[in-house]
Amino acid sequence: RLLSLLNISDKDARQRVSAVSQALYQQSLNHVADAADSQTGGALAGASAAFGLASDKAARMNTEKYRHIASDLISGGRLSEEGKNRLQKAQQVLRLDDQAAASAFAAVAAPILRQEVAKVADALRSETEASAEQVKQMASTLADHRADLGLPADKGFNIIVDGFRITLRSLYDKACKDARMHGEARALATMDEMLAFAAVAGKVLAELHVDSAEAPQLTLPADSAAARRLYGAYLNRSFGADESLAPPDDIARLLELSEADEETARVEVCQPRLRELYADSITKAEGGGPPLSLAKLGLIAEKTKFRLPASAVEEAALEVYKSRLEGLTGRVLKLHEKQDLDAARNFLELTEADVRKLHLKAFANIYETSVEEALGRSGVMSPETREALLQLRERLGLTEDDAEKIFYSVIDGRLKDMMEDVQEAWEEATYTKDALQKVWKQRGKDVGDDPSADGTGGEMALSGGPQLEGVRGSKLMTELCKVADFYIKNKVLREGKNVLHEDAYPVTVGKWIEDKTKEEIYGIFAWNAVTCQDSGSRDKWQAAKPHVGGILGMSQEQMQKTMVRMVSRWANMFIKQKIAESGKLGEEEISTLTNWVPTFFGIDKDVTKDMVQAANKGVLQSKVLKLLNQPRVTPEDVTKLRQEVDAWDLVLQKDLELTKPQLRSLFRVEVTAILEDTGKTNEEKQDAIAQSRESFSLDDREATVELQDLLKARTRGCLVNAVGDSLQGNETMAVGEMRRLELLADFARGVEGLKLNLDMDVAPSMRQQLVKVYASSAAGDGKAPDIELLEEILCLAAA
């Protein structure tokens, strides 16, 4: 309510209350120095609680008061015994722990001690050659001053180290400034001063260090880039300079330079020096000076001084070797030039593998031009030319692998040119004349009256019927043989490998031609190579066939599949022709397809067997449809069909692709014959029906339903036929129908879930008469009629 009346926000109110609380508490603190007793301490605690002052703020104010008291006590540079007592009482009153009190006191005493350290540091800068006595005196002065201030030894030591580091930092900053603005000479002089000061300051610290362990060395954390630059300048001066100067490692340690930064700076300084030594030694040796073998020995000591990593040494050597190559690039080396290069490479301790890329860049073009010239217009290298290329490769310092790649690239270009003629020949062999004219018109070429462009393309040389008459695509055969000869005679084919394997062909057509086109090209070649009537051409083409496929980039599997596809097309035409002539394949035709064709064309027998099987499958499918469309199908028809299907290892349902209704129809026909077979027992009939069910791929439920429907239909049919025969006075026929009825009823008794009931539109007297006639007749098989069974199914038992 008061805040609302005064129009003061909560935040502002809290700030004002806090300020008042701190002011009141500060008034209580002002009496601590004069009345440091237990009552004062209790009064302070009560005051902080009464004023609502937070404990952390009270602690900070207590610490600050302790600092003021300590500062007053050591303002003269010395802490008396009385002062120590007052500080202890103040600590108790202000309720500070030992650590907080010690830190607060050190913060006050440190600036005073640093002033003394600064005086000693100035003296050390001017007395870098201070004697041991002077060092001890300076250390004693600092130690006494530290004791007068009442600082512990360890804290006092750290303050002295920090004081020396301040002086060292000023020298470091000056060295960096000198390096940027005045050059390395002044920066080096400052670094010498830094090292001298650090050395003598380190001696003072060693005198002050009271622990048994070795005194820590005076170092300065520095920016890595600036420190690396200063170290590099110092390192560079160290080569050939006064040996009395401190070693470069001292400046690296002083600036806390990491191993990685030290190595980077060393490489920047020493690598150019090493390159210069390398180049000078080679130049002098080539000018008649000391041989490289002696120069190499002289470099050992210098390289040891440089302490360069192996990678930097190799890089320097490669740079020098590269400079030696620059004046030789793009021409054939003379013998003495190659010898000089080899000597320089050995001197630089480089292997042929090390300089491989340099030689490839320098001489790849000249070697490629030489390969082109070696192929000439004929496209085939002579043995002498090949030997000359080998010598050229060695002279140019190219590795065998690199020279082979260059050779293959030239072959690749030539092959691409040759394949243009091949593709054109393929178009002539496969395109119709209209299509060929359209394609060539787009290329600016006229077909004209080219006799090879006969307009029969697209038929793949198969339009003449099953027997190929002559050879189509003879120009294609010629062009592909040129390609194979070019490949083999130039030894592009990798030796020591199976020539039928795709790995033997390092240069292939690749993606220049579509895969489908490549397969068609190979298919024509492979077909002609097998079917050609001229033995000379056939032998030549057969020898070239695997090479043609390999050059086209086809695997053995692809080549075989293509050949199979060609043979399949021919075989299918053959099969269609024979089936059209006689409606089926005779034994002679089947023997031709399954024996002669695989042998002649070199394909697997299963291929033609599958084709024959497929052909017969089509024939059988037609038979099944014709069979099912007949007015009446006999069990003999089904049996004959089954025998033909089995003969070709086919499955009715799977291979002939019959529907369920068709399968059920065939099942009913076959089961009808089984049911009316008087020579089988009921058990044998059940086994036969089960086999039939499996062969027609019907499940148990389907077969049971079909069997029940069949029995009902057949028994009703027998009764109707018997009534008709009886009315016509033909008792013999009527007895036969009743015997068949009894046979079916006897089997039906064993069918689960089936109960025959022939209470039809036939008068009971007629049914009774038929039973009497059948009972009085002599059983054909010597078996007495089962009158009770007949009366049961004819619903006469109750009568």
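Residues numbered from 1 in each chain as written. Predicted model: local features only at pLDDT ≥ 70, side-chain atom pairs only at ≥ 80, totals over all residues. Heavy atoms only, no water.

1. Structural notes on the overall build of the protein chain
At step 1: Within the protein chain one finds 33 helices and 0 strands.
At step 2: Per-residue burial for the protein chain yields a buried fraction of 41% across its 799 residues.
At step 3: Contacts in the protein chain between residues at least 24 apart in sequence constitute 72% of all its contacts with a sequence separation of at least 6.
At step 4: Per element, the accessible surface of the protein chain, about 43,400 Å² overall, is 48% carbon and sulfur. (Helix = DSSP H or I, 4+ residues; strand = E, 2+ residues; numbered from the N terminus. Buried < 20%, exposed > 50% of the residue type's maximum accessible area, 1.4 Å probe, protein only. Contact = heavy atoms within 4.5 Å. Areas by Shrake-Rupley, 256 points an atom, 1.4 Å probe, with all protein chains shown as cover.)

2. Digging into the confidence of the model for the protein chain
In regions of low pLDDT, the predicted coordinates are not meant to be interpreted in detail.
At step 1: With 80% of its residues at a pLDDT of at least 70, the protein chain reaches an overall mean of 80.
At step 2: The model gives residues 454-471 a pLDDT under 50, and that stretch makes 36 contacts with residues more than four places away or in other chains. (pLDDT = per-residue confidence, 0-100.)

3. As for unusual backbone geometry
Excluding glycine, most residues fall at negative phi; most peptide bonds, likewise, are trans.
At step 1: The backbone of Glu256 sits at a positive phi, close to 50 degrees, despite the residue not being glycine.
At step 2: Following the sequence through the fold, Glu256 ends up in the loop between helix 11 (248-254) and helix 12 (259-286).
At step 3: With phi around 55 degrees, Glu349 is a residue other than glycine that occupies positive phi space.
At step 4: Tracing the backbone shows Glu349 in the loop between helix 15 (335-347) and helix 16 (356-375).

4. Side note on the packing of aromatic side chains
At step 1: Counting across every chain of the model gives 12 aromatic pairs.
At step 2: Ring geometry for Trp527 and Phe601: centres 5.0 Å apart, planes at 20 degrees, overall stacked. Highlighted residues: Trp527 in helix 21 (residues 515-531) and Phe601 in helix 24 (residues 587-601), separated in sequence by 74 residues. Taken individually, Trp527 and Phe601 each receive the classification buried, so the pair is uniform in this respect. (Phe/Tyr/Trp six-rings, centres within 6.5 Å; stacked < 30°, edge-to-face > 60°.)

5. Focus: the layout of surface pockets
Any empty space left between the atoms is revealed when a probe the size of a water molecule rolls over them.
At step 1: Here the largest pocket defines a volume of roughly 490 Å³.
At step 2: Considering the residues around the largest pocket, the lining is formed by 17 residues, among which Arg386, Glu400, Glu404, Phe407 and Lys491 are closest to the centre.
At step 3: Of all the elements in the fold, those that place two or more residues in the lining of the largest pocket are helix 17 (383-396) and helix 18 (400-430). (1 Å grid on protein atoms, 1.4 Å probe; cavity = no way out; pocket = protein on both sides within 12 Å on 5 of 7 lines; lining within 4 Å. Points joined across faces, edges and corners; volume = space filled by probe spheres on them.)

6. Describing the pattern of salt bridges
At step 1: For the structure shown, the criterion picks out 29 salt bridges.
At step 2: The salt bridge involving Lys174 is made with Asp178; its shortest N-O contact spans 3.2 Å. Note that Lys174 and Asp178 are positioned in helix 8 (residues 153-181) at a spacing of 4 residues, about one turn of the helix.
At step 3: The class for Lys174 is partly exposed, based on a relative accessible area of 37%.
At step 4: Residue Asp178 is classed as buried on the basis of its relative accessible area, which comes to 3%.
At step 5: As a salt-bridge pair, Arg324 and Glu286 come within 2.3 Å of each other at their nearest N and O atoms. On the criterion of sequence distance, the pair formed by Arg324 in helix 14 (residues 310-326) and Glu286 in helix 12 is long-range, its members being 38 residues apart.
At step 6: Linked through salt bridges whose partners overlap, the residues forming this network are Lys660, Arg664, Arg668, Glu702 and Glu706. (Salt bridge = Lys/Arg side-chain N within 4 Å of Asp/Glu carboxyl O.)

7. Quick word on the packing of helix 13 (residues 292-306) against helix 15
At step 1: Where helix 13 meets helix 15, the closest approach of the two axes is 10 Å, and the angle between their N-to-C directions is 20 degrees. It follows from the interaxial angle that helix 13 and helix 15 lie roughly parallel. For the element pair helix 13 and helix 15, the recorded crossing hand is right-handed. The segment helix 13 lies against helix 15, with Leu292, Ala295, Lys296 and Leu299 engaging Ala343, Ala344, Asn346 and Phe347.
At step 2: Residues belonging to the contact of helix 13 with helix 15 are distributed by class as follows: 6 nonpolar, 1 polar and 1 charged. (Axes fitted to C-alpha atoms, helices over the stretch in contact; angles between N-to-C directions. Parallel < 35°, antiparallel > 145°, perpendicular 65-115°, else oblique. Left-handed = near helix turned anticlockwise from the far one by under 90°. Nonpolar A, V, L, I, M, F, W, Y, C, P; charged D, E, K, R; others polar.)

8. Focus on a nonpolar patch on the surface
At step 1: A cluster of nonpolar side chains, contributed by Leu294, Leu297 and Ile300, occupies part of the molecular surface with about 320 Å² of accessible area.
At step 2: By the secondary structure assignment, Leu297 is in helix 13. (Patch = residues over 30% accessible without salt bridge, like charges linked within 9 Å, V, L, I, M, F, W, Y side chains within 5 Å.)

9. Looking at a negative patch on the surface
At step 1: On the surface, Glu314, Glu315, Glu319 and Glu326 cluster together to form a negatively charged patch.
At step 2: Within the element layout of this structure, Glu319 appears in helix 14.
At step 3: Glu319 gets classed as partly exposed once you look at its relative accessible area, which sits at 40%. (Lys, Arg positive; Asp, Glu negative; His and termini not counted. Charge placed at Lys NZ, Arg CZ, Asp CG, Glu CD.)

10. A look at the environment of Ala775
At step 1: When you line up the elements, Ala775 lands in helix 32 (residues 764-776).
At step 2: Along the primary structure Ala775 and Ile787 are separated by 12 residues, whereas in three dimensions their C-alpha atoms are 6.8 Å apart.
At step 3: The residues touching Ala775, leaving out its near neighbours within four places in the chain, are Pro785 and Ile787.

11. Concerning the packing of helix 28 (residues 660-675) against helix 29 (residues 682-695)
At step 1: Running from N to C, helix 28 and helix 29 point in directions that differ by 170 degrees, and their axes come no closer than 10 Å. Comparing their axes, helix 29 and helix 28 come out roughly antiparallel. At the point where helix 28 passes helix 29, the crossing takes the right-handed sense. In this structure, helix 28 contributes Phe667, Glu670, Val671, Ile674 and Leu675 to the contact, and helix 29 contributes Lys685, Ala688, Ile689, Ser692 and Arg693.
At step 2: Looking at side-chain class alone, the contact of helix 28 with helix 29 contains 6 nonpolar, 1 polar and 3 charged residues.

12. Some remarks on the environment of Ile551
At step 1: With respect to the helices and strands, Ile551 occurs in helix 22 (residues 535-551).
At step 2: Here the alpha-carbon distance between Ile551 and Leu415, two residues 136 residues apart in the chain, equals 9.2 Å.

13. Points about helix 28
Residues spaced three or four apart along an α-helix point in a common direction, a consequence of the helix completing one turn every 3.6 residues.
At step 1: Between its terminal C-alpha atoms helix 28 stretches 22 Å, which fits the 22 Å expected from 16 residues at 1.5 Å a residue.
At step 2: Looking only at helix 28, the buried set comprises Gln662, Leu663, Leu666, Phe667, Val669, Glu670, Val671, Thr672, Ile674 and Leu675. (Expected span 1.5 Å × (residues − 1).)

14. Some thoughts on the side chain of Asp261
At step 1: Tracing the sequence through the fold places Asp261 in helix 12.
At step 2: Excluding residues that lie within four positions of it along the chain, Asp261 makes contacts with Ser224 and Arg228.

15. So, the environment of Gln542
At step 1: For Gln542, the position within the fold is in helix 22.
At step 2: As for Gln542 and Asn528, which are separated by 14 residues in sequence, their C-alpha atoms are 9.0 Å apart.
At step 3: Among residues more than four places away in sequence, those in contact with Gln542 are Ala529 and Val530.

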